[in-house]
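# An overview of the molecular structure
Chain residues, written in single-letter form:
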Amino acid sequence: MIHSLFLINCSGDIFLEKHWKSVVSQSVCDYFFEAQEKAIDVENVPPVISTPHHYLISIYRDKIFFVSVIQTEVPPLFVIEFLHRVADTFQDYFGECSETAIKDNVVIVYELLEEMLDNGFPLATESNILKELIKPPTILRSVVNSITGSSNVGDTLPTGQLSNIPWRRAGVKYTNNEAYFDVIEEIDAIIDKSGSTVFAEIQGVIDSCIKLSGMPDLSLSFMNPRLLDDVSFHPCIRFKRWESERVLSFIPPDGNFRLISYRVSSQNLVAIPVYVKHMISFKENTSSGRFDVTIGPKQNMGKTVEGVVMTVHMPKAVLNMNLTATQGSYTFDPVTKVLTWDVGKITPQKLPNLKGMVNLQSGAPKPEENPSLNIQFKIQQLAISGLKVNRLDMYGEKYKPFKGVKYITKAGKFQVRT
Amino acid sequence: MSLPPVQKLLRQLPVGPTGWPKPPEDGGVAEEVTSPVLATEAGQPTCYSALRADELRPLADSPKACPQDPLVMVALEEHDDLKEMLDSNKDSLKLEAMKRIVAMIARGKNASDLFPAVVKNVACKNIEVKKLVYVYLVRYAEEQQDLALLSISTFQRGLKDPNQLIRASALRVLSSIRVPIIVPIMMLAIKEAASDMSPYVRKTAAHAIPKLYSLDSDQKDQLIEVIEKLLADKTTLVAGSVVMAFEEVCPERIDLIHKNYRKLCNLLIDVEEWGQVVIINMLTRYARTQFLSPNQNESLLEENTEKAFYGSEEEDGKDAKAEAAMLAKCKPYVMDPDHRLLLRNTKPLLQSRNAAVVMAVAQLYFHLAPKAEVGVIAKALVRLLRSHSEVQYVVLQNVATMSIKRRGMFEPYLKSFYIRSTDPTQIKILKLEVLTNLANETNISTILREFQTYIRSMDKDFVAATIQAIGRCATNIGKVRDTCLNGLVQLLSNRDELVVAESVVVIKKLLQMQPAQHSEIIKHMAKLTDNIQVPMARASILWLIGEYCEHVPKIAPDVLRKMAKSFTNEEDIVKLQVINLAAKLYLTNSKQSKLLTQYVLNLAKYDQNYDIRDRARFIRQLIVPTEKSGALNKYAKKLFLAQKPAPILESSFKDRDHFQLGSLSHLLNAKAVGYQELPDWPDEAPDPSVRNVEVPEWTKCTSREKRKEKVEKPFYSDSEGESGPTESADSEPESGSEENGSSSSSGSSSSGTEEDEEEEEDSGEQSEDKEEEEVEKRPKRKDKEGSHKAVLGSAGRYALGRQGGAPITPPPVQPIPSSSIISTSLVTDLEGLTLTDSSLTPTLLSPAFSAVKTYELLHRMAGEGLAVEYCFSRRPFPGDPHMVAVQIQISNNTDTEVKNLRVNEPKPLSGMRIQEFPEIEHLAPGDTASVVMGIDFCDSTQAANFQLCTHTRQFYVSIQPPVGELMAPVFMSENEFKKEQGKLMGMSEITEKLMLSEKCQSDHTIVQQLTSAANVGRVPCGASNEYRFAAKTVTSGSLVLITLERREGSTAQLTINSEKMVIGTMLVKDIIQALAQ
């Protein structure tokens, strides 16, 4: 399936290559560079490129292109999903998936890639298994290793690989047994000019951090499970229990993982926690324009909206912006034409406002389009859909774990058209 | 696509496979950081070694080989340094050296000259060194085959290692070494590993198959044998890998799948996610060859109605064919149960977190499911749109194809395809495509409003695509054509030329549909020729004016005049259209345009482009009458001004669905290497019996009947409907997994409901059997009588309830004789002590304990007059205490004698044992015989399958025990109970709350209901609101302890302690069912 993998940085250096079958020359990447040139923007590089002898399937993550070489028919998503899994694993191991991190740990990277694919077919992709096979680098371990000459490679076959619970390693021990669940909901919305909602939807995930000894069998139930419209599960969750009882029953992997992601159906009305009043206009002759935006809270269920940031891609003709913010600070990058306004917390008494003049290129025609405003915000201790965890039960182990649930609502792709 | 050759060459130069020298400026910064020793000259060794690898290897040990070049000298020394480290006996030095070497490989540098030094370390004790040596070996073995052979013996030894990890990794490396000479060794190793007892090694063997195949395709036949063997493997670990091997080696050998089809379907959910993708894709192809199209009947009806609604757009070439096929055989379509099985077992995977799995299921449903069911995939696909942009890209491509065929499916999710200004352009364009495909009369207004916002976007490529989309909407939906046209005309005054140009092109296409009404627009466009520069747009305008010059008689010649003036500066396509316009004008209005036409043709005659010269010559001959000009001249007007059909604007995704969705070929819209065509549905279904495993369990008619019956049962959870006898034969025995536990529990809960309706008579006595030997004789006699009665009494009622398909209503509670008012706890207590008087107990117990519940083994109709029922008599099976006794009641309803009734060919799952009943020689018409057989179910609720034979026929039957029958009561004291319970805490304890039903309020009904649900014995208890029961599983003798605590109101808490968790969970369900009803 996957023949080779090339990691390429933004300036076009191939800084790592790995072949699972016979060696494919680096020159195959030229087709990729060509496509990259054509696309102008990194986002627009087509994920699948066909060359005379190979197919290149690539992803772009953290300023690195992962370019895989394929020779025969394979579902493209299979490769894309796998490459993302590779990037996730690097992230997990090194704390970041960057060129420097990969270069610094090139041997571990190589060992990981060796374990993850055999002859181009995925072998071990679960982080728990991989961590047993190849220990992630820590400062302590690297010091110890350099003194004792011991290695990062585990010397036993992870039991998980053979069991029916391939995602959990055996013999986990903690002094403090804890299970944390973060219910994170993101509001995706498109608000039109007049302030009415064109499209809104809640995308939620439950990220878990589970540090429990032994083989705990957890079941998590919700007060209102019917709310969840479409759910996708970590493989550890038993489908049947969910189907029949709407209870999440699972033996968790060790550590951090995403338990479920869900969507709350768009049939339910989605409460939009902020509103934006905007007045953006450009004048034809004076090569200037006015910009006036106010953000206010709305339907926030008594919680404060915080971490509000607004980013606007201004039209190319904009030269500079002279604004005053009643709250927070703003920056305008004249090169990328991006206006960022970091508002912070919204207090209903005094609504944050950003207003001032826009300088346009003299002589250039006035831009006919108004930029759309991308808003980010955060609301702590609230799941906007109203989803509530009812209880978490643990079977299979005797100790009493500490259990915690945190709710948070964020803006996802939240866009206000002007 | 192709690069300029020079550039390509240059790229190849540094590290081409031939190992050309690398320019020194490419100093490998990365690895120097980690290796200070190499810091200065790390770029160089490659250069040297590359040169030397082929030419000078024999001299490898003499570092003085080329002393002239100081740089090379240094490089040489450095590699010597590495060699020295590798030769040392310190593992840490070796490790350091190997790490540096691997870093070199990772950078794509040549390290092949170190081969001899590295390969020596293949037998190193240190596992990390070893692993890195493997990495090196796999990378370079192909280039240094002779030396690589040195390492083979190490792996051969590894293959025999007692540690499965070592066996597996030895096989893995051995098979990765691409040296043709070792093919026989690899073949042997694979064959051996395929029958290894460790599933992990077998998995590795499956992975090795395609490696060997790519090395030497002559081994195909032998490899297919191995694949066949591994396909029969029942572990989830192997399944994915072997199907992968199957797909690479012999995808055409679909016949290998038959026997494993059901197993693969059933295992699918537990296979790791990558394996799932491969299996699903393979099964899609398989199903296309084996089953009939589920849509063949509906197609006729549906297509017709759709046509009526949407007019011409819903064109389906297959229509006619489908119709013909329809008429040919109007027999109702019945979906093959195996087809259904596949659809049902893949559906939950739509909720996988892995986008590839979701896509695989989606394409399976798209290609295989009946139209009405395809809709379920839409939701999951829409969910994927939240994922990474690459995933979005692929998913949207597939959605675009699907939305052409099945528009209704995505209509509810229309808004999810709305475009954000932050989306990458390629995503925007795909979303636009989907939106356009989804447009219909009802939603067009919303879509157009949305399009209006898009037109003002800063992204001009996207705006152009939007304009085309509007054009497509306008052609497809007549109602909005004028609105769209007006909108587009407004765009003509847009400042951006690209936008205007695109609009012109689209307007041209739209106008072609109804030119008469739109001379205003044509005039407007004619004015644009002064400003607009985009060639395509200019060409379009000219064509329009020429085509409809009759509608704009005054403007047309003027436009030609202007164009003639600028002719020489125009682009080629514009020139061609100028000639065209001139010709048309000449034909319609020769008075005004004759000279102009001559002028243009003259200019064209000397154009640089031969196409234009040709065209000019051709047109001149055609339109200008000369004496030489032939017959064609007369027809010139007809030729040029013929009515031209309006263009059809259609999606580029139309007809892409002949590629399997989700495949690379579909994405590229071209056949990729190794793509397996998705076959068309067969006209006649191939024999479905090929999928039966071993011997077919059902004769054909019974199979249909039984299946239907099962599905109808309302309490079977949907997914479990068919996991009855047929599949259980091949579902794997390693059911220790949690998944299985929970799944089978839902199945057995149903049997629980059946059970508690029927009442049993003898279980009370049964509980004492173990303790009290003296009582032994009595219950035997008793239950013979009792069960006979019960069987006769309940059989009719039971059959009635079942055939009706309605939930069986519990039988009225039998009147309780006054004597039984004594609490049963007292009775059991008493029994434990004094049960010698047999006359007392039955009167006390018979009402308290329910009648034996009977199950149907063979229906009268299916058995051709032979009716067989069975019940669990709850007595120990004589001869083997580990067997559950099953009492079988055979009645002969035929009018002839049945001879030689016996059990034949039991097909027990592994570990399961069946003790057959003695053969019944004769059974006279109308007679009933009762026999007992013993079955060791191994403490699982898997069905036992066997054949029931008469002298003429044989019937495939199966017995599935309710979980409550898998145990026998034990007697223990309260203290013992507490002690045992203390040992079975934690995972072995299951607690559940329940509401007692109204009739379960009194002590004895509770005990009665509970003991009827499970074969357990009462344990005395001090507290009045608590009930305790104990039993041991029949096969393994594990304790099952049940505590029921009544709380205020009618709530109660049920606790079951058992080390058999699966049994515990299933039992909880059964008991709750019994008590809550």
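Basis of the calculations
Residues numbered from 1 in each chain as written. Chains lettered and ligands numbered in written order. Predicted model: local features only at pLDDT ≥ 70, side-chain atom pairs only at ≥ 80, totals over all residues. Heavy atoms only, no water. Axes fitted to C-alpha atoms, helices over the stretch in contact; angles between N-to-C directions. Helix = DSSP H or I, 4+ residues; strand = E, 2+ residues; numbered from the N terminus. Parallel < 35°, antiparallel > 145°, perpendicular 65-115°, else oblique. Left-handed = near helix turned anticlockwise from the far one by under 90°. Contact = heavy atoms within 4.5 Å. Nonpolar A, V, L, I, M, F, W, Y, C, P; charged D, E, K, R; others polar. Buried < 20%, exposed > 50% of the residue type's maximum accessible area, 1.4 Å probe, protein only. Polar contact = N/O pair within 3.5 Å; in protein donor to acceptor, adjacent residues only side chain to side chain. 1 Å grid on protein atoms, 1.4 Å probe; cavity = no way out; pocket = protein on both sides within 12 Å on 5 of 7 lines; lining within 4 Å. Points joined across faces, edges and corners; volume = space filled by probe spheres on them. Salt bridge = Lys/Arg side-chain N within 4 Å of Asp/Glu carboxyl O. Buried area = accessible area lost by both parts, 1.4 Å probe. Pairing = 2+ DSSP bridges. Phe/Tyr/Trp six-rings, centres within 6.5 Å; stacked < 30°, edge-to-face > 60°. Lys NZ or Arg CZ within 6 Å of the ring centre and 35° of its normal.

### Structural notes on the packing of helix 28 (residues 497-511) of chain B against helix 30 (residues 535-547) of chain B
Residues and elements named next belong to chain B.
- One way to put it is that helix 28 packs onto helix 30 with a least axis distance of 8 Å and a crossing angle of 30°. Here helix 30 runs roughly parallel to helix 28, going by the angle between their axes. Our pair here, helix 28 against helix 30, has a crossing hand that is left-handed. Touching Ala501, Val504, Val505, Lys508 and Leu511 of helix 28 are Met536, Ala537, Ser540, Ile541, Trp543 and Leu544, all from helix 30.
- Partitioning the contact of helix 28 with helix 30 into residue classes produces 9 nonpolar, 1 polar and 1 charged.

### Brief notes about the side chain of A:Asn177
Residue and element names in this part refer to chain A.
- Tracing the chain through its elements places asparagine 177 in the loop between helix 7 (159-162) and strand 8 (178-191).
- Overall, the relative accessible area of 12% leaves asparagine 177 in the buried class.
- Here the side chain of asparagine 177 touches serine 213 through a polar contact of 2.7 Å, side chain to side chain.
- When sequence neighbours within four positions are dropped, the list of residues in contact with asparagine 177 reads Lys211, Leu212, Ser213, Tyr399, Pro401 and Phe402.

### Description of empty space enclosed by the protein
- Taken as a whole, this structure holds 12 cavities of 30 Å³ or more when the rule is applied.
- If you add up the space inside the largest cavity, you get close to 110 Å³.
- Forming the boundary of the largest cavity are A:Asp188, A:Phe199, A:Glu201, A:Gln203, A:Arg263, A:Lys413, B:Val382, B:Leu385, B:Arg386, B:Ser416, B:Arg420 and B:Lys431.
- If you tally residues by element for the lining of the largest cavity, the top one is strand 9 (residues 197-211) of chain A, at 3 residues.

### Considerations on the environment of B:Phe640
Residues and elements named next belong to chain B.
- Its location among the elements puts phenylalanine 640 in helix 35 (residues 636-640).
- With 53 residues separating them along the chain, phenylalanine 640 and leucine 587 place their C-alpha atoms 8.6 Å apart.
- Discounting residues that sit within four places of it in the chain, phenylalanine 640 has contacts with Glu547, Asn580, Ala583, Lys584, Leu587, Ile619, Leu622 and Ile623.

### A closer look at the pattern of salt bridges
- Going through the model one piece at a time under the given rule, you end up with 54 salt bridges over all chains.
- In this structure, B:Arg178 engages B:Glu142 in a salt bridge whose closest nitrogen and oxygen atoms are separated by 3.1 Å. Within this pair, whereas B:Arg178 is found in the loop between helix 9 (164-176) and helix 10 (183-194), its partner B:Glu142 is found in the loop between helix 7 (127-140) and helix 8 (145-159), the two being separated by 36 residues in sequence.
- Under the relative-accessibility criterion, B:Arg178 is labelled buried at 14%.
- Of the residues examined, B:Glu142 reaches a relative accessible area of 31% and is grouped as partly exposed.
- Residues B:Asp607 and B:Lys575 are paired through a salt bridge, measuring 2.9 Å at the closest nitrogen-oxygen approach. One end of the pair, B:Asp607, is in the loop between helix 33 (590-605) and helix 34 (610-623); the other, B:Lys575, is in helix 32 (residues 572-588), and 32 residues separate them in sequence.
- Ionic contacts of the salt-bridge type, sharing partners, join the residues A:Lys18, A:Glu114, A:Glu115, A:Asp118, B:Lys131, B:Arg172 and B:Lys211 into one network.

### What about the interface of chain A and chain B?
- On the side of chain B, 113 residues touch chain A, which itself brings 116 residues to the contact.
- Between chain A and chain B, a total of about 10,100 Å² is buried, with carbon and sulfur atoms accounting for 56% of that surface.
- Joining chain A to chain B, the criterion identifies 11 salt bridges.
- The interface formed by chain A and chain B contains 33 residue pairs in polar contact (both at pLDDT 80 or more).
- For the side of chain A that touches chain B, the per-class residue count stands at 49 nonpolar, 31 polar and 36 charged.

### Let's talk about the pairing of strand 23 (residues 402-416) of chain A
- As paired elements, strand 8 of chain A and strand 23 of chain A share 13 bridges and run parallel to each other. Each bridged residue has a counterpart across the sheet, and for A:Phe181 the counterpart in strand 23 of chain A is A:Val405.

### With respect to the environment of B:Arg613
Residues and elements named next belong to chain B.
- With respect to the secondary-structure elements, arginine 613 resides in helix 34.
- On the accessibility criterion, arginine 613 (26% relative accessible area) is partly exposed.
- Spatially, the C-alpha atoms of arginine 613 and leucine 576 are 9.6 Å apart, while their sequence positions differ by 37 residues.
- Non-local contacts of arginine 613, meaning those with residues more than four positions away in its chain, are made with Ala604, Lys605, Asp607 and Gln608.
- Within the local environment of arginine 613, its side chain forms a polar contact with the backbone oxygen of aspartate 607, the two atoms lying 2.8 Å apart.

### Topic: the pairing of strand 4 (residues 898-904) of chain B
All names here are of chain B.
- With 3 bridges joining them, strand 4 and strand 6 (residues 920-923) adopt antiparallel strand pairing. Across the sheet, the residue bridging to valine 898 is leucine 923, located in strand 6.
- Where strand 4 meets strand 8 (residues 944-949), 3 bridges bridge the pair, whose relative direction is antiparallel. Bridged to arginine 902 within strand 8 is cysteine 949.

### Describing unusual backbone geometry
Residues and elements named next belong to chain A.
- A positive phi angle, close to 55°, is found at asparagine 119, a residue other than glycine.
- Given a relative accessible area of 11%, asparagine 119 falls into the buried group.
- Of note in this structure, arginine 246 is not a glycine but carries a positive phi near 60°.
- Position of arginine 246 among the secondary structure elements: in the loop between helix 8 (239-245) and strand 12 (247-250).

### So, the packing of aromatic side chains
- The full count for this structure, using the stated rule, is 27 aromatic pairs over all chains.
- Taking 5.9 Å as the distance between ring centres and 70° as the angle between the ring planes, the aromatic pair formed by B:Tyr261 and B:Phe291 counts as edge-to-face. Of the two residues, B:Tyr261 sits in helix 14 (residues 261-267) while B:Phe291 sits in the loop between helix 15 (273-290) and helix 16 (296-310), which places them 30 residues apart along the sequence. Comparing B:Tyr261 with B:Phe291, the two get one shared label, buried.
- With 6.3 Å between their ring centres and 90° between their planes, B:Trp543 and B:Tyr548 make a pair best called edge-to-face. Of the two residues examined, B:Trp543 and B:Tyr548, each falls in the buried class.
- Aromatic ring contacts, followed pair by pair, group A:Phe32, A:Phe33, A:Tyr60 and A:Phe65 into a single cluster.
- Directly above the ring of B:Tyr140 sits B:Arg139, whose terminal nitrogen or CZ lies 4.6 Å from the centroid.

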